[in-house]
Amino acid sequence: MADAMLLNLVLFLPVVGILLLLFVPAKSEGTIRWTTFWVMVVQLVLTTVLYVHYDAAVPGLQFETRLPWIPAWGVYYQIGLDGYNILLVLLTAFLGPLVVAGAFSAITKDVKLFYAMVFLIQFAMLGTFVAQDLFVFYLFWETMLIPMFLIIGIWGGERRIYATIKFFLYTAFGSILMLAAVIYLVYSLQTTTGVTSFAFADLNRMQLPLSVQLVLLSAFGLSFAIKVPIVPFHTWLPDAHVEAPTAGSVILAGVLLKMGTYGFMKLGFPLFPDATRYLAPLIMALAVISIIYGACLALVQNDIKKIIAYSSISHLGYVMLGLISLDLIGIQGAIIQMVSHGLTAAGLFLMVGMIYERCHTRELSAYGGLAKLLPVYSVFFMILTLASIGLPTTSGFTGEFLVLLGAFRSAWPLHVAGDTLPLVFAASAVLGVVLGALYMLRFAQTFLFGAAKAPHAPVVDLNLREKLILAAIVAAVFAIGLYPDEPLRKTELAAKEFQQRVTGVPIPGSAR
Amino acid sequence: MLTLIVLLPLAGFFLNGLLGNRLGKPFVTIVGCGLPLLAFGIAIKSFLDLLTGGGAPIVETAFTWARIGGQSFDIAFWLDRLSGIMVLIVTGVGTLIHIYSTGYMKEDKSYARFFAYLNLFLFFMLLLVLGRSLLVLFVGWEGVGLASYLLIGFWFEEPDNARAGKKAFVTNRVGDAGFLLGMFLLYWATGTLEMDKINAAFMGPTAPLVSASLVGVLLFIGASGKSAQIPLHVWLPDAMAGPTPVSALIHAATMVTAGVYLVARMSGVYMHAEAASQVVAVIGLATAFFAATIAVTQYDIKKVLAYSTISQLGLMFLALGVGAYSVAIFHVYTHAFFKACLFLGAGSVIHALSGEQDVRKMGGLARKIPVTFVTFIVATAAIAGIPPLAGFFSKDEILWFAFASGRGGSPVLWAVASATSLLTSFYMFRLVWLTFFGKSRMDPKVEHHVHESPKSMTGVLAVLAALSAVGGFLSLPHFLEPMLPLPEVPESLHHLETPLLITSIVFAFAGLALAAFFFGNGAVRAARVREQFDGLHRLLSGKYFIDELYERLLGRPLVWLSERVFLRTGDRMLFDGTLHGLAGLARRTAGALSRVQNGNLHLYAYLVIAGMAACLAWSFRHG
Amino acid sequence: MLLLLAMALFALGLIGVIVRRNLLVMLMCMELMLNGVNLSLVTFAQQTSTAAGAVLVFLIFVVAAAEIAIAIPIVLVLVRQRRTLDADAYTELHG
């Protein structure tokens, strides 16, 4: 019972934070920053307690709260932790203080409003992950839009209005379709079973005909696909990332994009298993296209934020590939890849922000030889770059390796049985590791090596705050790279359940 | 124990990397050389333990990396005869090169960083050779690629150096893609990535459900990336941009032999993969010959040695391809000695000449840097295959099995390999003549400063030269026999062994003689030949223009595809265009519709009447 | 009979509003429409012997009076600016 309260506390702590901020005068920016930071730290500590107490051997929800909210509609306020969301919740809580600390020197106007927005987004993201009722889920999903819109629109770069409107409308469009699907889904539940409920547990028990499943999966899927983003629904991402302030990009890349993949994993695929299996070749194709297309585009960018934005598209392609492989290793790999990408992308965007604060340009060609000018910066940059392209001992390798192994393990028997298409896809995805090295090393090459040049020189190396932020991320990256068994324990039951539900085969887990 | 061997260099990396600059060069020297030396000591002890145990493998499991669905991926180390030899080579030659570096890099301001990277390399290389599963091997495999990248681009202020590092990494990655596919296939077929179990599965009664040849080819793709075989050889010559000790350690003695080690380690698979073995043999041989022809025309002392390395690696793969796995490892062992000696000797020459690497600006150095000269000659004789030096023994075994092996040996293989050996002897002695003999062609300023290298460098050269001389007497194939049996030789061919042996000795000396003939006396005769065969010379010295070919066929199209097709047509025109089109459509529709609101009262009145009439009509119809 | 008259009044008023451009005439025609409606209401009230129609007529009287009391000053103020009574001259409230 106490632990369930703890989860509620973790969820609502950002709201408490906003209330606290209301009492701080807008002029005392230092107080605002530190208040926000410490609230986020408390949230991280509490989340860690929850993580440690999470019992990996127990299936189903833990720390659950289920209270009637709108009984007439069957809406319950139901939240809980399970293997699907535990890592993502921890990731969100982990990045919270880092985002706040990273923005200390970057945001100088309307500081109070900014941190209030950060709290609001944190609340929305956590809520989306822990919600176990479809109504609550949708509510939190929509809540995330407004603060992001404001963050990009007020504190962003030159084309911020264009970027934020594009982001908002594109995502909202998907959400509207999802709303229609949600309503239809609950209506179906009511007509087939007589039970009016939005709870995931109840919805998962429904058996819908394939044609209905296809339509609903398309509706949900479109909304999630826009969020992930999957090619061809990705064009909002580069603009949003480029124009957003550093903290916005970090939140966006670190957590927001995972909401899309989480949606697929928790809702989209398990609720409509037959449709998922039917559309698997298409989804796999889109995943591989995302991997390769994202990598190719990252190769020819000259804006350093765009490079990382396109690399995000590429990395999340791996996640989708892992999920749709429907192989236990692939699914576990996808979950790890989600977390890994969250860490590395957040770290890289933070680093871009740090250099932007010093040199005020995002042009790649304006930089050179930073390894000489900023040695400490370069070390962190190199580590995060290598993690991004999946160097063994980093989390990126764990994610990519397990995803590819899983994809291959499910594709090869199909090839032997006559269906070679999945194998072609899986083999193409392996190409992604080569392309990854190409674009990231091109980036590192121009940025770190060669003749030293940087606008607004002389540039100062990292200060203590920046070093600590990056050290935290790098430590997490190596922890997952060297000992992934720890997080994998916690997600195993959920991964198995996901596989069973979507493949409809109750087996102990291997695809052989 | 095994874990300790692996972790000691890692500790060196952290200590040198974090504290090196602060605690100064003596600290770095002691840590940077001491820890590998200690690792070497422990390796010897472990090796002795292995021998007293009759060769039974020593296994140490460090921890479980991941457990998924009841199958676990463990981090475990495995010492048997094969990995034992490799560990000794890696730590032994590695330590020697570390010691050499204390002299060579003495003046460099990034001394600490250099040793940190060298130690990091050693850590990953040891993971590679001691790993029990393909997973651990792959971690080491990628890791040495990283170390190589960092060390090739060590003097990163020159953009060319960084570019060479990137080329190495990316080319390796292409190989890694093949390696990964092979690994996945093996995992699917045998349910494990542990190499001993995989070999057992393939050697066992029921063959696994996957084509051994397919796996063999895929793993070989990975091996060719790491060991610079065609078509993934292009990174090695460029890698000479790194400091010479790096070239010696990574690109001669250890990292590039990882591919050879991989194939030998997976011999269980290759013994059942006839097609794959043929591919390995043919590509190895082609690479060997191809690289040798290029080496004849190169003027940079390190580039000659680089192509020589590619060529020698090709010969190792030839041996692997005909089933003589232990012979290939034997050549790895001897090659480590003489190639390291040659590279370090080249380093000594470069050091003596204040940075000059072009042999056209050398000459007459024999008397000026005698220790370097003597060690270089010994190593050259070894690589040329002059008995009784080490290279003679290992190369000869390769040639014999290329001819006579029951698993694919043929006279054609032998002939091309022998031609390669002739070329090897020729270009190596050419190098010796141009560098050390004849009249000096040095720049007077450089000539003034010529001096022998410090003891840290010459001492190592002496040790390596001695090993190149006597190392061959230790018959590794015999030692590895229990693990890697030699292929069967048909009875009918046994009598040809001695004639072939004599032929190869003749070729070795012939190479020496030809080199002396063409390149003695101020290389006049060579110049005349070059003029006569200008086209051929340009083809060879231009490395067959393979780099340019890759740029044309792969580099530029990729960038074109990414920029034109994906970015402009795809992203901007198609995806964003659709979005902007939709937005524009919305805007135009809104604009059109808003024209109803034109402020004209009469229009509004009309519309009200019309609407009312429509409603009345509708309600009357549906009354 | 009376209904026909009421309909005629209403129709005349309607046509007048649509066709005429003079603001004051449009207002007068609107009054005509209202009165036509009044007449029809009274007729119906008398025919069905209920009082509801008559009460509504009173309401309409008041509303019409109030409306005219506002409309005519508005027109006067506008005309003072533009010096024309043409309805087409006043089209600022467009989208």
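Residues numbered from 1 in each chain as written. Chains lettered and ligands numbered in written order. Predicted model: local features only at pLDDT ≥ 70, side-chain atom pairs only at ≥ 80, totals over all residues. Heavy atoms only, no water.

Which parts of the structure should I look at to understand the confidence of the model for chain A?
One rule of thumb: low pLDDT means the predicted coordinates there are not for detailed reading. Counting all residues, the mean pLDDT for chain A is 90, and 98% of those residues have values of 70 or more. Here residues 507-512 of chain A is modelled with pLDDT under 50, and outside its nearest four sequence neighbours on either side it reaches 10 contacts, counting other chains as well. (pLDDT = per-residue confidence, 0-100. Contact = heavy atoms within 4.5 Å.)

Help me understand the packing of helix 2 (residues 29-53) of chain A against helix 3 (residues 86-102) of chain A in this model?
In helix packing, the relevant descriptors are the interaxial angle and the interaxial distance, both defined with respect to the helix axes. Residues and elements named next belong to chain A. Direction vectors running N to C along helix 2 and helix 3 enclose 160°, while the axes themselves pass 8 Å from each other. Between helix 2 and helix 3, the angle falls in the class roughly antiparallel. In this structure, the crossing between helix 2 and helix 3 has a hand that is left-handed. Here R33, T36, F37, M40, V41, Q43, L44, T47, T48 and Y51 of helix 2 lie close against helix 3, whose contacting residues are I86, L87, V89, L90, A93, F94, G96, P97, V100 and A101. (Axes fitted to C-alpha atoms, helices over the stretch in contact; angles between N-to-C directions. Helix = DSSP H or I, 4+ residues; strand = E, 2+ residues; numbered from the N terminus. Parallel < 35°, antiparallel > 145°, perpendicular 65-115°, else oblique. Left-handed = near helix turned anticlockwise from the far one by under 90°.)

What is the right way to read the interface of chain B and chain C from this model?
It is common to give the size of an interface as the accessible area lost on bringing the parts into contact. Contacts between the two partners involve 10 residues from chain B and, on the opposite side, 14 residues from chain C. Where chain B packs against chain C, one counts 0 salt bridges. Linking chain B with chain C are 3 residue pairs in polar contact (both at pLDDT 80 or more). Counting residues per element, the side of chain B that touches chain C draws most heavily on helix 25 (residues 601-621) of chain B, at 5 residues. Split into classes, the residues belonging to the side of chain B that touches chain C amount to 4 nonpolar, 6 polar and no charged. (Salt bridge = Lys/Arg side-chain N within 4 Å of Asp/Glu carboxyl O. Polar contact = N/O pair within 3.5 Å; in protein donor to acceptor, adjacent residues only side chain to side chain. Nonpolar A, V, L, I, M, F, W, Y, C, P; charged D, E, K, R; others polar.)

How do you make sense of the environment of G471 of chain B when you look at a structure like this?
Residues and elements named next belong to chain B. Here G471 lies in the loop between helix 19 (455-470) and helix 20 (476-480). When the C-alpha positions of G471 and F337 are compared, they lie 8.2 Å apart, and in sequence the two are 134 residues distant. Ignoring any residue separated from it by four or fewer positions in sequence, one finds G471 in contact with Y333, A390 and A466.

Looking at this structure, how should I read the interface of chain B and chain A?
Counting from both sides, the interface comprises 51 residues of chain B and, opposite them, 61 residues of chain A. Taken over both partners, the interface formed by chain B and chain A buries close to 5,100 Å², and the fraction arising from carbon and sulfur atoms is 75%. There are 3 salt bridges connecting chain B and chain A. Note that E157 of chain B and K372 of chain A form a salt bridge whose closest N and O atoms lie 3.7 Å from each other. Across the contact surface, chain B and chain A share 13 residue pairs in polar contact (both at pLDDT 80 or more). Residues of the side of chain B that touches chain A, tallied by class, amount to 35 nonpolar, 7 polar and 9 charged. (Buried area = accessible area lost by both parts, 1.4 Å probe.)

Which parts of the structure should I look at to understand helix 17 (residues 395-416) of chain A?
Two residues of an α-helix separated by three or four positions point the same way, owing to the 3.6 residues in each turn. All names here are of chain A. With 22 residues, helix 17 extends 32 Å from end C-alpha to end C-alpha; this agrees with the ideal 32 Å at 1.5 Å per step. Summarising burial for helix 17: 18 of the 22 residues are buried, a large majority. In the segment just after helix 17, G418 is the residue with positive phi, at about 120°. (Expected span 1.5 Å × (residues − 1). Buried < 20%, exposed > 50% of the residue type's maximum accessible area, 1.4 Å probe, protein only.)

What am I meant to see in the confidence of the model for chain B here?
Averaged over chain B, the pLDDT score is 88; the fraction of residues at 70 or greater is 100%. Interface scoring of the predicted complex returns ipTM 0.91; its pTM is 0.89.

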